[in-house]
Each structure stands twice: as C-alpha cells, then as structure tokens.
Amino acid sequence: MRSKVSRRVVLQGIGATVALPWLESARLFAADRESTGGALPKRFAFLFFGDGIHPPEWWAKGNGAAMELGPAFASLAPLRQKINFINGLAHPGEVVGGHARGAAGILTGVQPKGGREIHAETSMDQILAQRLGDATVLPSLVLACERPVSGFHESGYSMMYSSHVSWSSPVSPVPSELYPSLAFDSLFESQGSRTHLSVLDHVLEQLNDVARQASNSDRARIDEYATSVREVEQRLTKLNQGQVGLAGVSESVKDRRPADGLPTQIDEHTRLMSDVIALAFQTDRTRIATMLLANNLSGQVYPFLGLRDDHHSFSHNWQGQEFASITRFWVEQYTYLIGKLDAMQEGDGSVLDQCCVILANEQWTAHNAPKIPLLMAGGLGGKVETGRSLDFENSRDRKVSALYLTIMDRMGVTMQKFGDATEPLAI
Amino acid sequence: MTKSCVERRMKTLRSFQFAVTTLVLIAIMAVHANAADLFVDRFQPFAEKFCVRCHNREKARGELDLTRYTEARHVSADFRRWNHVVEFIRDGEMPPEDEPQPTIEERRAATETVESILLEEAKKRAGDPGVVLPRRLSNIEYDRSVRDLTGIDIQPTRDFPPDPAGGEGFDNTGESLGMSPSLLKKYLAAAQHVSEHMVLKTDGIAFAPFPVTSYNEQKKLTEQAIIDFYQKHAVRVVDFLEACWRYRHRDEADRALGIDAWAEHRGLSPKYLALIWETLSKAPQSSGYLKQVGQLWEAIPAPTGANARPPELSALERFIEFCQRRLCYHEPALIQANAGNWPISHLDLRARTAAQRDQFDPGNFKNRITISFDRLKAVPVNAASAKNVTLNLRFDYAFGDDREGGLVVLRRPIFSKANAPPRNDDEAKKRETVTLREVLEQHAPAIAQMLAFGKGPSGAEIDADSCVVRAPAQIEIPLSAELLRQLDGKQLFVECELHEQSGNCSVYVLPGFGKPPEDPYAANVELLIDPNGNVATSMADSSVEFCRAFPNRYFFVDNERGLAAGFHLVDGFFRDDRPLVEKVLSEQDARELDGLWRELDFVTQSTETLIRGFVWFERSERHVLHDKRFDFLRPEDPRLVEDDLLTQFEKVYLEKMGVKLTDGTLEPEMPNAQFDLIHGFFARIRAGLALYREQLKAAEQQALADLDALAERAFRRPLNAGDVESLRTLYETLRKRGQSVEASLRGVFTAVLMSPNFVFHLSTSAPGPGARPLDDDALASRLSYFLWSSLPDDELRAVARMRTLQDQTELVAQTRRMLNDPRIDAFAREFFGQWLRYRDYLSKDPINAPAFAGYDDPLREAMFEEPVRLTTYLIQQDRPITELIDSDVTFVNGVLAEHYGREIAGQYSGISASPADWHRVVGLRELGRGGLIGMGVILTKTSKGERTSPIKRGFWAVHHLLGQHFPPPPADVPELPSNEKLAATSIRELITAHTANAKCAMCHTHFDSLGMALEGFDPIGRARMNDLAGRPIDNVVVLPNGQTAQGISGLIEYIREHRRRDFVRTLCRKFLGYALGRSVLLSDQPLLMEMEAALERNDDRFSALFETVVRSPQFRLQRGAEWGADGQ
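Every chain is numbered independently, its residues counted from 1 as its sequence is written. Working convention: letters from A go to chains and numbers from 1 go to ligands, in the order in which they are written. Under the rules for a predicted model, residues below a pLDDT of 70 receive no local features and side-chain atom pairs below 80 are neither given nor counted, while totals for whole chains, interfaces and linings still include all residues. Hydrogens and waters are ignored; side-chain quantities use all the structure's heavy atoms.

## A short note on the overall build of chain A
Right, so step 1: In DSSP terms, a helix is any run of H or I states spanning at least four residues, a strand is any run of E spanning at least two, and both are numbered starting from the N terminus. Scanning chain A for helices and strands turns up 12 helices and 13 strands.
Right, so step 2: Partly exposed residues are those whose accessible area sits between 20% and 50% of the maximum for their type, while under 20% is buried and over 50% is exposed, using a 1.4 Å probe and protein chains only. Expressed as a percentage of its 427 residues, the buried residues of chain A come to 62%.
Right, so step 3: In chain A, the share of contacts with a sequence separation of at least 24, taken over all contacts with a separation of at least 6, comes to 75%.
Right, so step 4: Working definition of accessibility: Shrake-Rupley area with a 1.4 Å probe, residue cover restricted to the visible protein chains. Accessible area of chain A: about 14900 Å², with a carbon and sulfur share of 49%. Pairs of residues are marked as contacts when any of their non-hydrogen atoms sit within 4.5 Å.

Have a look at this one:
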C-alpha cells in the first residue's frame, strides 16, 4: 500500500525518545505561564470505544503496588500506581447503551434527541476547551480512528450520535480528525489560527494602502486599527511558534510527521494518533483531547488479532474469547498512550502526572449500560490520588457526570450542574 | 443642601464646552486678528458692571472667568459656552437675585452683542463641511451591514461592549469609536462566525441561517429546503375536486374562463387541475372504476355557497382514495421498513417504486383472495358483557354484464391459530384447526344447511368443506360465548374464488367483524375478478387512466428520516417525486426543485457519503466484507473515491457475489442480472463523484466572482485591480496551505469583513483647497448609514456608479425612496432612542420587575418597539415633527394594547387577527396620553424601582426634549424612598418638601412641575387614579411660566404654546449631529437656522429636515486636502 507506515516508525513514535532537549525547553518557552499561575498545565484526555467489553477479565483489586489486575489490564501492570480503576459508575436511563447514541451520551450526560433533528448537549471536554482553550494553539484535539456514520438507526436515532463523542454545542458534533498526518500538522499549524494569520496579514496590507491615501488627521484612527491588528497577530504567532521554539528543531519534528493517508490497520492508526496526543500534551499545543477508537455500532476489524468479523458483530458475543482479545487490545492502546506520557519528563515528574486520561466504553455488555467501564490515569498535578481501585457499584452516588464535575473542578472549571449531577464525586 | 446649586450650575458651564478641533481654533483666530471689536466696545462694559465681581481670574465662580475673554474672536472660539452665557442673561438667571440687576435694555444689548458676534462668525464659516473623523462601524451598523450583505440577521456584535457616545450624544461619531486589541479579537471572532454561515453551492456562494461547517448542518440546510418545498407543493386531492366542481358550476360571467385561470385564481396547479378536469369530464363515458368516479362526479349537486362542501364531494374523494388502493401499485413495505437489507437492491427497489407511483398494477386483479378475520378471544363466563360475536361476509356485484351471475367458491373456510390457513394436514393438526362447516354443523345447523357445503352450482359435487354463494349475498355467523371459548386464539380464514362460470362478472367481498360491513369503500374490501377475463380487459384502459390522474403518492418523504431514507443505517438520499414533478409543478417550480436536489447532493457530497457508508455497512451490518479479500478496504480511506480503488473494490465485490468476470476486465463472462445491478450501482457512484468534481470546479469559479461582488458591496466602492488581486492571493495562499475550497472561501470572506474598507468609514480626501464634493460612493455610503445604519443597496450603488448622486434632484429622490424603505427603522430606532435616552431600556431597566405583575419581557419588548413604530410612521407619512409631542395615534401589539387599558385594547382587538400584529390605534389624546411623553417606555425609563420619579420625568422633558441645560445635582441631595407604597406621603409631597430650599428650587422649578403633571401614570406607564399606596393622584401643577396645567394634555399644550422653539431647535441640533456623525460646530449655525426655516415653510414636515440636511454642504462635501488656515 502506498500509504503504509512502517511498523518500525510507529514503534519509535514521535517523541518516544525521552526528554529531547527541545522538548524540555518547550516548557520554558510556554507563552502563557500566567494562565496556569506558573504551575505546570493540567491536561485531560478521553479515549472512547463502543459496544461494551468482556467483563470477566475487566476487574482490579487492591491499591498501590499490591493492586491486582484482571487479564484485560495485563498490559497496565508497570503503570498500576498511576491508574485508578473505577467500577460501578453509570449514566441515567437512556443516555448510553443501545446501538446508536452511546458516543453522544458518554461525555454529554444527556439522552440525545430522536428523529431527524440532531440535539444532544455540549460535551465535557468541549466545556473545558471553551473555558481553557485560549491558552494554547488548539483549544482541543478531537481525533477518531473510525469515520463517522451519517445514517439513521431503526431505534430512531441518527448515527451521528454513534460516532461523535465531542459536541461543541447541543446541535454541533465537533468534526473529528481521522488522519494522523493532519492531526500532527494541526499542532504546529493550526488551520484555524493559520487562516487568521493570513487574514490579518492581508488586513495589514490593506491598512498600508489606506494609510497612504489618508490625511494626517485620519491616520490616527487607522494606526489604532493597525496596532490592534499587529498585536493580535503577534499573539497568534506566539501561540503558533513561540512556545516550542521550533526554529532549531523543526526538522527533527518534521521528520516524525506521519505519512499522508491512513494506515491500513487500526493498531497502527491508533498508535500514530496516540503519538500526536502525547506530543501535543508534551509541547502544550493543547490541553484537551478526545479520541474515538471505535464507534458505537463499530465496523472496526482486527485482522492482526486473527479476527475477520467486525467489532459490533463480536460484541453481541461478548462472552467469547474473540471479544476478550478485542477488549484487551483497546486497553493495550490506552497503555501505550499513558506509558508514553509517563515516559515524558516534566518538572519533577512526568507529563502523565499532570494529566487525567480516561478510557471508557459506553456499554457494559450486549448493548446494555447498567454501569460504565472506566479507567483513569494520571495525577492531574497532584489533584487526583492514583493507584487505587474504587468501587461505586453499591454506592448511592455513582454518577459518571459527577466524576466529570470533579475533574472539571480540579482543572479550575466549576460548574453547578452537569448531566444529572449537581455534586462532584468524592474521589 | 449645602453650598448652592448656583455654583454648581456655573461650574458645569465649563462642562458644556465640547472639544472643538484644533484646526477650527487656529483658523478662527487667524481670521479675527484685525477685526473691529464689538465685544470690547459693547459687552465688556456690561460684564465689568454686573459679572466680573464673581467671574474673575481669582474667584471664577462656576469656573467661569470672564476676564479671560478680551476680543470677539475669543467668544466665537468658545461659542458653546457663550451660547449658555447668553441664555442665562436673557432668562434673568444671572446676575443672581441678590445682586444689582441690569435694566431690560442693558440686558438686551448685552445678549444681542454676543449673539451677533457669534452669528457673524458663523456666517463666515458657513458651509465648512467640518472634520468627520474616520471611524469604525458602530455595533448596530456592523450588524445591519452584515445582515444586508448576507441576507441573514446574524447579529455578530451581540457580545461586543456597547459603543460609547460622542458628538451630540450619538454612537456614530469618530470622536468616540475607537479600536483596541481586545475589541479586534472580537471582530475577528465575529467575522469568522459570520463566514461560517457561508455555504458553497453549485452556483456559488449562499448564506445559511446557521453556521454550516459540518455534515450534520449541511444536511439540515439542504434537506430541509427540499422538504419545505414538498410541503409547500403538497397536493390535497379534495381541493382539486372542489375546484373542478365549482368550475363546472361557475357563474355566467366566468363562462369564458379557462381551467388554467381558474386554477390560478384558487392557488392550485393549473397543470394538475387541467388533468383532473379532463379525467373527470371523460370519466362518465369510461369503464370500470373510472366510470363510477364519473357517476359520483355527476351526482354532486350545484354549489349553495362559497364554502360549503356537499357530502357528495366527500364521497367522491373517498371513492378515489379507495380506487387508489385498488388500482395503483402497492408501495412495498420495505420502503419504510428499516431491515438490514442489501443497499444495492434497495436502491433498485426504490427506483422501481418511484417509477410505478402512477401506474396501474394488473396484479391487483385477482380471482382468488383469502379473507382473514380478527383473532377470536374468549369472553369470561361471568362477564356482564358476555354476548355473541358475529362474523359477517357480504358479496356484492362489482363489475361486468352479468349482474346476477357472480358465483363465489368459499374454499374450506377454517379457524386456525396460525397467521395463515394451513398448507397441509400436518400443519392443520398442529394449529388445532377446525373448519367452518364443522363448527356450523354443530352449533348452527341451519346456517350450515343454507350454505350447502359440498354442493356446487347446479348441484355439482365439490369439496365437502367448501360451499358456493351467489352475489349479492350476506353470511352472518353468530358465535356464542361458549363457542368463543372453544375457538379462543383462532382466526377465521376464508379463501374466496370467483367461480369459473362467472367470467363475465366480478364481485366485491366485504368482511365484517362483530357487525355487518357498512362501508363499501373500506380498506379491507376485496375485489374478485378474472384477470384474464373480458371484464378485466375492458377495465384495463380506464384503470391506467385513473392511476395516471391519481397516483398512490406525489412524493415520498419518510416521517422519521426525511429524505435520508436510503437504506438502514446509511444515508442514501433517494429522490421519489415523479408524479409531483410531472403532473403538478410548473416548469419553473420543477427547475427550482431540481436545483434544490442538486444542492443537496453537492453540499452533502452525497455520493461520497454513500460509498463510504456502503463499505462500513457491508462489513459491519451485512458481513459481506468479512473476507480476507476486502482487508484492503477502509471506509475512511481517502482513495476510496478514486477510480483505481473503486474498480478494485467493484471487482472483488462482484466475485464475492458470485459474478464471474472475464479475466482482468469489468465484463461478466455471460449476461447476468446480478452483474447489471451491482455494476449499475458502482457506475452511479462513479458518475456522482465525477459530477461532483466537475461541479466543484465551476462552483469555485463562480464563488470567487461572488466574493468580489460581496467585497464590492462591503467596501461600498468599486474594487480596483489591487483589491481583486489581493483577495485572490489570499485565496491561493489558503488553498496551498491545504484548506478546502469552501474553507478558503470562508477565509477570504473573513478577510473582507476584517478589511479597513469594510470596518471603517473612510473618506479619501479630494485634492485642492476649500470644500470638495465627496465622491459619489462616499456620499452614497454616508446617506445609507445615516438613514439605514447600513450599506447602500443596489439602486443607490447604481446611481453612485452613474456619478449622478451629487445632483441634488437625484440625491433628494434617493433620500425619499430610502425614507420609504422599511430599513428606515434603523434611523427611527437609533436616532430617537439615543436622543431621548431610551435605547438602553431593555438592558438598563430601572424598574423592579417582580413588583409589577404582568411586567414581563414581551411587554418590555413591545414598549421598546412602540416609539420605533410611531416615528417610522411619522417619517414615512411625512407628518409634522411636532407630532412627536402631540400625536393622537400610536402603534400597539396585543400586550401593549392591554397595558394601555380598556379603550385601546378594545380598539386593537377590533382590527387585529393575532396578538403579535402591530396596529395603529387612535384617540390617545382623549385618553390623556399622546406623543412620546405618554409612551410606556418613556414613563418607565424615567421611573425608579417601585415608584414614579417626577423629577426624572420632568428633567427628561425639559432637558432632553427641550434642550434646557442644568448643572448636575449636588452630591448630598437626600434620597427619596425607592418604593412608593412604603413612603409616608405621596412622592409629590416628598419632592415639594425637599425642593422648598430656594437654592434647589432654582433648577427644580424648571422641571419638577412637568414631572408631577405625569403622576397620573404609574412607574410602568399605566394610567392610574391612585398611587401604589392608594393615595389619590394630584396631577394639577403650576408650570415654570406660572400657568396651571393638568396631566399630559396640559403639558402638551404648554410645550406647543410656549416651548415649541426650544423643541424645534433641540431636534434640529440633534438631528444634524446624528446625520453628520460629529459635534455641531459654530459654522453649522446658519444650517441650523435654515433647517428651522425649512420646517416653517413646510408645515414642520419631517421631509424638510431630511432634505435640508442632505442638500447641505456639510453633508455632501468634505474639506479638500489643502484646506487652508484661512478656511478655504
């Protein structure tokens, strides 16, 4: 295949070499230290896969070094002290589960509207992006490893709900980026701010023309405009380039750019996308990321696991070993990302220590969602204790939305209400 | 009260002084160096005698030092302040009472001296256009311009900070409208937000009412447009039937009218009405069903009224519906079902269905059908309702020569638990079947005997469980409670077959459960007819004709999924509207609909969406791609839309579906229907993708031209080569950076909206000395922003393009046209709202709303809207400006009418169909209201919390409306209670007490009484007899001139009689300041006088104001680039 990316490159990854000098210096260049009060920035990532898990292997017991991990989590063993296994949280009623709405429900906490009109709610990551996104080139990174489906399910829901986790408003799912290369480019050349820069350049040119023809008395107002344009332009430029100081190292970064096109297989695809998130967090290009690994009602195939059927077909046979291996596979992808973040030094710890990275599925088994399979990693700058297995199954307060309130609060965004929750979850 | 208001008053004289541009100052000083000095000769002696004891360098009471002014030119340089000095002396305010007083003659001489100095100077400067600073658009101008540019009211400045006011108190002046980085960021975000409403269509750029940047929004936009179109053109057959019927019985006068004209008169499709008319007219001579249609048609009596529909008309409508079911193709259930069907065959099925909607299906003619009755249920033994159930079956003559010969064989009627009669003995046993004969013989032997089981016509022997009936006939089978128990859970199936001897007739079978069948056109009525017999043959043509006129649907839109009803989970838009297009739509409408579909396909990239969805669906839902051979295929792959990959996909897919291909080609080894179907699908995909690419190319070219046109309108001048090139370069840059065509177009449009040419009012100064005409484009822009707060429209631009706008006749003609345009509401809202200080009412409401039941947002919005409606009306009807004071009419909607009391509400409900409508109401003066003073918004804006404020109300009238100046109150004035109810005495008494102090009274006597006259209106402007605490209202007052007056009527009379000039002058000055977007200068004095004179000549009509101003040099000219210090 023309666009095939060699596995070797993938395994090297974009930043797999720990603590390159330029990456460390990135922190020193951070343009917006004031926005974090001089502290290291906190980041949030959410990885989603649909159609449920294989429960017999999905468990963990105990805390700290002694934490025991179920077979699904085997890959997480070296990182057990950096994760929290959280069991028993749930969304109410019809928010998740079923064939065609779980992706939209998982991070919004609401049941999307049936019928032709698309209506859900602003998702938690996008609330964070809207409140915190000003500090970075990209307010958020919204990635997907499976393309959105645009049809209509017989349960009465649009398939948009099955394939969009991030919603920037109740009616607007955030278009997700499928291509690792373009996701990579967006870190360094945010299309949005690049366009703005081009626009402002153009405006300055016009201002020059106008100023040439203007009388002295007119020029003051025009200069005022030009000064404002220049100042905004400088700020954008600083955001685009300043932080990393790409000047001396841009070639080495460019070398790590994934090839154009799409990897043929999902494992390669996921890892390239994880590399992009890790790089984005490490270089503070964004602090918010979501990645949809597999849609709700997913058509992903796993030939490299020796499986020929699609994800969704296996999910109906969730007891089977095939689905167990698929579940394990997705946890491994999660392990890859948090392992990578943990290998990146930052301050006295790792980038992961400043993050909260969640892996969640919107169903438990067979398209039912009595509880949400959920893993959480990273200490969020000391705001979250890790290395624990928590069980809320029999607790009165077991709302996923309450967990979101907690995370947002600890990132400095306080909300009175989210989904069905009005109180944060005590974790 | 400490110190005195007097001091304050003088102090503020200074604050009345507005910045006069340095340029003017220099110019004035230069001119006056050697002039003979009236000031020294005639004013200074007066000042020394009466003024300078207080107003000198050391004391400078009221911060006025009169010794500073030693020549006439100093006076003209400080003309605003001297205007007030004159006013004070003339009105006897100065010198103060306890000082020596000048004689009347001395007073007059002093004031006339200053006035003549000022006028002399003003005349010299007359016609100086002044300096109009370049400025950004105000928020309202930005919003309106964007609205007129895009056609969508996006209001991008909603989150901008409010604009500061300058000049004569308006927010359209260069003195106040600045720019800052944080505001610029908002502009950038706003420009981007606006450009997100842009959508690229096949014919270029369009704007949507919401941002269209994702597939979901693209689909919402284009799909809804089609559905709206369908709904607008939906056919109600009965309307056409009625039109035909009324046409047949039309009056003698209408005899000559064609059916086309008739249709148009009734708002129906002429084409379709003609088809129905022709079909109905020929129907009586037709055959079969259509002949019956004709008979029913002829049976309708003549109309008895314009609206009444006789039952015969409804009968015809019902019969037509019945025939549609009987004759047209039946729509396959799969069309609406959401099964996991094969997309390719589903598309084929939909195509066939769409093609057959108006076709006769000969398969509907059957000589054998199976009737099934509802499932039987045992009734509880002791239930009170336990009674017999009857099963009925009626046989009626339908068609054919032989009215008596309809023999029907009832083959083995049987009760069964299954959903169908048993196919064999095994099944019969398993389903616990029992034949009707067995049941009847046991429970109703009489009926069994009557039916004569086992006997055919003429005594021939037939199957023992079957019987033969001759239509017409009715069978009634009573089932007792006991029998029902036995048959619990079973259904009766009766297979009916037309007897072979009955080839010349056909029979209706009408089942009835529980009661005899009554409705011959019910949905479950069946027809028995020999499909190959004479009767069927004779009916074929008329059936075809019927279906041609009455298809089973005109178009198909799925209730839930809209047009995206392709197949199961995947969006596949499918067009199914042939009957509508061919029979109903005009050519123009059909073209519009084609265009809408083209847009849907283009904007949603429907072909690409379809093929990607197909790959996902075939793998995920149908498992067809669960095969190593398809591993190369991912729905996300960008190359999926390229020929190579598509061809590879098609080949493997055909193989998988068992089609053998000739080696290496896309040709089947032998002709193969499966191949045709699949290859047809892929061909359709290829064609769709190719068409898209081609359309995109054309659309891009058109869009670039559209952008130029948009920029030209936004810039309010023709583009030059540099502009075009610069926009094109930006576009290319964005494209090279990997932006899509649409995103790049959006980027360029963002740049247009950020351009100084759009954001700024610029004037390129003309070369030369003296005043030079504005170029026509700049003049057009000035005119349209003055009147509309927005861009010039096409007509104004065209006039500017012809360079005739400086022609005064043309300029006035354009002004008149624009005054009559609805967009004049911008002037009505902005000018009056800012002048009279209620524009911020909605955001700064002084009222404690919860204290007043019914004081809600709809009412507030209506109150805010009222003066806009009234002033728009006064301008457009060219009424006298004095009607602002004494208008006897106003405009109200439902809530405001209620608010204004019984009389207005009564008047309103007599003329209004909906409470949302605005209507003119009259007779306000008689109700004690009238003009602006009596309006809810004014009375409310000048109230406070939970009480009225006569001080604020009076001050508003005297200061804002009549232009009288006062110093601000001292800091330590006592607070009045905020709640009228809790106050110990009436507000009026409280005020009277607190302004008893002579020093307070000095100002307050000028306005308090005017406010007290308005006490007959509560804090939110409702008429009242008592205040909120129940104290009776006293609104009889002694006005500043000693007259007694009562209420608004008294006030209006007072202003008309005694303050008219104040009002006119104030209005003129404000009007001019708003029109020019700058402070009024001394040099404008002659123009102000001309405005007053023009009003007098023209019965005070609004047009005199507008026309005098737009004709003035101030409006049409600008200072030349070499404007000299000598003012030339």
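Anyway, onward from the coordinates.
## Remarks on the overall build of chain B
Right, so step 1: Counting secondary structure elements, chain B contains 46 helices and 19 strands.
Right, so step 2: Computed over its C-alpha atoms, the radius of gyration of chain B comes to 44 Å, more than 25% above the 32 Å expected for a compact globule of 1128 residues.
Right, so step 3: Dimensions of chain B, computed from the C-alpha atoms along their principal axes, are close to 145 × 80 × 60 Å.
Right, so step 4: In chain B, which comprises 1128 residues, the proportion classed as buried is 56%.
Right, so step 5: For chain B, the share of sequence-separated contacts (at least 6 apart) that also reach a separation of at least 24 residues comes to 72%. Values of the radius of gyration come from C-alpha atoms, whereas the globule rule sets the reference at 2.2 Å times the count of residues to the power 0.38.

## Re the interface of chain B and chain A
Right, so step 1: Each partner contributes residues to the interface: chain B has 70 residues there, and chain A has 66 residues.
Right, so step 2: Summed over both partners, buried area is the accessible surface (1.4 Å probe) that two parts give up on being assembled. Buried area between chain B and chain A, summed over both chains or domains, comes out near 5800 Å², and the portion from carbon and sulfur atoms is 56%.
Right, so step 3: Take a side-chain nitrogen of Lys or Arg and a carboxyl oxygen of Asp or Glu: if they are within 4 Å of each other, that pair is a salt bridge. Where chain B packs against chain A, one counts 0 salt bridges.
Right, so step 4: Those elements giving two or more residues to the side of chain B that touches chain A turn out to be α8 (181-195), α9 (215-232), α23 (606-620), α26 (721-736), α27 (741-754) and α28 (756-759) of chain B.

## So, the nonpolar core
Residues and elements named next belong to chain B.
Right, so step 1: Residues belong to one nonpolar core when they are buried, are Ala, Val, Leu, Ile, Met, Phe, Trp, Tyr or Cys, and are joined through side-chain atoms within 4.5 Å. One finds F786, F827, W835, L961 and F1063 to be the most contacted residues of the largest nonpolar core, which totals 102 residues.
Right, so step 2: Top contributing element to this core by residue count: helix α43 (residues 1060-1076), with 9 residues.
Right, so step 3: With 82 residues, the next largest nonpolar core counts C244, L273, L327 and V570 among its residues.

## Concerning the sheet that holds strand β13 (residues 388-391) of chain A
All names here are of chain A.
Right, so step 1: At least two bridges found by DSSP between two strands are what make those strands a pair. Taken together, the 7 strands give an open sheet; going across it, the order is β5-β8-β1-β11-β12-β4-β13, and neighbouring strands pair in mixed fashion. The open sheet is flanked by β5 (141-144) and β13, the only strands paired with a single partner. Each strand of the sheet is rotated relative to its neighbour by a mean of 15°, with strand direction disregarded.
Right, so step 2: Between N-to-C directions, angles span 0 to 180 degrees; the directions come from axes that are lines fitted to C-alpha atoms, helices contributing only their stretch in contact. The strands touched by helix α11 (residues 321-342) within the sheet are β1 (43-49), β4 (83-87), β8 (288-294), β11 (355-361) and β12 (374-377), with β11 carrying the most contacts at an inclination of about 175°.

## What to know about the sheet that holds strand β11 (residues 505-513) of chain B
Backbone-to-backbone hydrogen bonds join strands into a sheet, with any given pair of strands oriented parallel or antiparallel.
Residue and element names in this part refer to chain B.
Right, so step 1: With respect to topology, 4 strands assemble into an open sheet ordered β9-β5-β11-β12, the strand pairing being antiparallel. One side of each edge strand has no neighbouring strand; the edge strands of this open sheet are β9 (473-479) and β12 (526-528). Averaged over all adjacent pairs, the angle separating strand axes in this sheet is 20°, with direction ignored.
Right, so step 2: Summarising the sheet, strand β5 (residues 389-400) and β9 pair through 7 bridges and their orientation is antiparallel. Bridging across to β9, N392 finds its partner in E476.

## Some points on the environment of B:P769
Right, so step 1: Mapped onto the secondary structure, B:P769 falls in the loop between β13 (760-761) and β14 (771-773).
Right, so step 2: For the pair B:P769 and B:T353, spaced 416 residues apart in sequence, the C-alpha to C-alpha distance is 79 Å.

## Considerations on the confidence of the model for chain B
When pLDDT drops low, the exact placement of atoms in the prediction is not to be read closely.
Residues and elements named next belong to chain B.
Right, so step 1: Confidence of the predictor at the level of single residues is captured by pLDDT, which takes values from 0 to 100. Model confidence for chain B is summarised by a mean pLDDT of 88, while 95% of its residues fall at 70 or above.
Right, so step 2: Overall, residues 1-35 carries pLDDT values under 50, and its contacts beyond four positions in sequence, including any with other chains, amount to 64 contacts.
Right, so step 3: The ipTM, which scores confidence in the relative placement of chains, is 0.76 for this predicted complex, and the corresponding pTM is 0.80.

## Thoughts on the pairing of β1(A)
All names here are of chain A.
Right, so step 1: Burial analysis of β1 places 7 of its 7 residues in the buried class, which makes it a mostly covered element.
Right, so step 2: Here β1 shows no split at all, with R43, A45, L47 and F49 on one side and F44, F46 and F48 on the other all buried.
Right, so step 3: Where β1 meets β11, 7 bridges bridge the pair, whose relative direction is parallel. Residue A45 lies in a different strand from β11, and its bridge partner there is V357.
Right, so step 4: Sheet topology note: the β1/β8 ladder contains 6 bridges and is parallel.

## Details of the pattern of salt bridges
Residue and element names in this part refer to chain B.
Right, so step 1: Summed over the entire model, instances satisfying the criterion amount to 91 salt bridges over all chains.
Right, so step 2: R839 is the salt-bridge partner of D171, the closest N and O atoms lying 2.9 Å from each other. Remark: R839 occurs in the loop between α32 (825-835) and α33 (857-876) and D171 occurs in the loop between α7 (139-150) and α8; sequence separation between them is 668 residues.
Right, so step 3: Given the relative accessible area of 3%, D171 is considered buried.

## What to know about unusual backbone geometry
All names here are of chain B.
Right, so step 1: In this model, A471 is joined to P472 through a cis peptide bond whose omega is -5°.
Right, so step 2: Mapped onto the elements of the fold, P472 is located in the loop between β8 (467-470) and β9.
Right, so step 3: Even without being a glycine, E432 presents a positive backbone phi close to 50°.
Right, so step 4: Structurally, E432 can be placed in the loop between α16 (425-430) and β7 (434-435).
Right, so step 5: Look at R803: it is not a glycine, yet its phi comes out positive at around 60°.
Right, so step 6: Mapped onto the elements of the fold, R803 is located in the loop between α30 (794-801) and α31 (808-819).

## A short note on the side chain of B:T948
All names here are of chain B.
Right, so step 1: With respect to the helices, strands and loops of the structure, T948 is situated in the loop between α37 (936-941) and α38 (950-961).
Right, so step 2: Of the residues examined, T948 reaches a relative accessible area of 0% and is grouped as buried.
Right, so step 3: Here a polar contact is taken to be a pair of N or O atoms separated by no more than 3.5 Å, where protein atoms must pair a possible hydrogen donor with a possible acceptor and residues adjacent in sequence count only if both atoms sit in side chains. At 2.7 Å, the side chain of T948 and the side chain of E1015 are in polar contact.

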